[in-house]
Every structure is written in C-alpha cells, then in structure tokens.
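# Structural overview for review
The primary structure of each chain is shown beneath.
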Amino acid sequence: MPHLNYIDTIHNSIDLSRYPFAAEYQTPPCIAFVGRMAPEIGPQFAIAIAQHAGLPLKMAGKIAPSEQDFFDQQIKPHIDGQHIQYLGEVNHAQKADLLAKAAVAVFPIIWDEPFGLAMLESMACGTPVIAMNCGPVPDIIADGKSGFICSTISEFVHKIPAALQLNRADCRQHVESLFHPTHRVSQYEQTYRQVIRQVLSSQNNLHTFQRQQS
C-alpha cells in the first residue's frame, strides 16, 4: 500500500520464557513444519523436502474448511504416520515441544505473508529455520546463522545438512537480541516520538502559514 503514510515496520515479538531452549535436537533427526494446511503456506513443499532429504517430517497446523479439499488431495495421501506425520492443530505446549525437538524447521511459503511467527518460535527453541525468500523472511532469519533463506525448493534440501551444523544457541540469541519484547517497546516509543515530531512540525508550519495569510 504505497499510498499510506509509512513510518516504520515493527515486527512481532515473543515471550521467550514460553519457549524451552533445546541445545540438541532429538535423534533420529526430524523436520518440523508448523502452519496452516494451505497451498500458500507450503505443507506440500515440506513433504517434498522431507522425501528428498530422507528425513521424517512432523507437521502441525489448522485445516480451514476452505482448505479441506487441498489437504485431502495433496497432503493426506502422503501421511503414513512414520515418515510423514500430521499432528493436527496442536496447543502451545505441544507446538513448543515439537519445535524444540526438531533438527530443523521449514517454512516454504509462496506468498508475502505479513509475518511468520512460527519462525521466531522455532529459533527461540534453538531450532534453525530454512525458509523461502518471501515477505518478511529476510528480516527474521539471519542467513547462515539462525537458518537459511532459499529461492527454490531444491535449495531447501541442499541446505539441510548445513542447518544441522548451526549453533542452536545462536538461533536463540538471534531472537533474544532482535525480537525480545523490550526491544519492540523501544522501537514503538521511537516511532511514536517520530510521529509526534511530524505532527508538531505540521502544526507549526500551519500556524506560520496562517499568520502570514492574516
């Protein structure tokens, strides 16, 4: 929306105390996918990535009524309960446990999503994220440190071995340093000050103009 009076972009933050840090992933390693079972979110790509990488995949997320046909046709046939698992719409504790135990999380979106909270949640647990270069992804992932940013699905597969070697403490630290609530509060305050300065400046200019006209 280029017509809006854009001031700043302020991303979400999360309460890190609600996300347990796991210094090591559970063995044997598995891939995690958390998100709606919708074409633009990419569960179908997560399945393809897991199949090509030879790693099991655990998926969790909501199925909206409008997306049931997509799930039945493109996702359900691949679910075998072993290599490809669908855990349903999990609660917070179950989601955090899934992400903390995973070796890597994938976020293969194909649309400019406003934000991807699941990426923050995964990195907060220490699990690196491999994501498609769409929407806010470059602002959320530290490429090569807390995960990898890809442009194709084949890149996801090639980046998995490198992701398994990333320092999980760095993933947590990345979220703590950039997405902690305290950091967000400071950013909001700074933006509000900027808006106030602009408003006051506009008012002063208006008063000056009115005096000149009178």
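Everything in this summary refers to the structure shown in the same document. (Residues numbered from 1 in each chain as written. Predicted model: local features only at pLDDT ≥ 70, side-chain atom pairs only at ≥ 80, totals over all residues. Heavy atoms only, no water.)

Attention now moves to the pairing of strand E5 (residues 129-132). Burial along E5 is two-sided: the face carrying Val-129 and Ala-131 and the face carrying Ile-130 and Met-132 are both buried. In this fold, strand E4 (residues 104-107) hands off to helix H4 (residues 117-124), which returns the chain to E5; that crossover is right-handed. When E5 meets strand E6 (residues 147-150), the two strands line up parallel, connected through four bridges. Looking across to E6, one finds that Ile-130 is bridged to Phe-148. (Buried < 20%, exposed > 50% of the residue type's maximum accessible area, 1.4 Å probe, protein only. Helix = DSSP H or I, 4+ residues; strand = E, 2+ residues; numbered from the N terminus. Right-handed = clockwise from strand over helix to strand, strands pointing away. Pairing = 2+ DSSP bridges.)

Here strand E1 (residues 31-34) runs beside strand E2 (residues 57-60); their pairing, made up of four bridges, is parallel. Residue pairing in the sheet places Val-34 in a bridge with Ala-60 of E2. With helix H1 (residues 43-53) bridging E1 and its parallel neighbour E2, the resulting β-α-β unit is right-handed. Here E2 pairs with strand E3 (residues 84-86) via three bridges, running parallel.

Right, let's get into the packing of H4 against helix H7 (residues 168-178). Orientation of H4 relative to H7, taken along the N-to-C sense of each, is 125 degrees, at an axis distance of 7 Å. Here H4 lies oblique to H7, going by the angle between them. Where H4 approaches H7, its residues Leu-120, Met-123 and Ala-124 are matched on the opposing element by Cys-171, Arg-172, His-174 and Val-175. In terms of residue class, the contact of H4 with H7 is made up of five nonpolar, one polar and one charged. (Axes fitted to C-alpha atoms, helices over the stretch in contact; angles between N-to-C directions. Parallel < 35°, antiparallel > 145°, perpendicular 65-115°, else oblique. Contact = heavy atoms within 4.5 Å. Nonpolar A, V, L, I, M, F, W, Y, C, P; charged D, E, K, R; others polar.)

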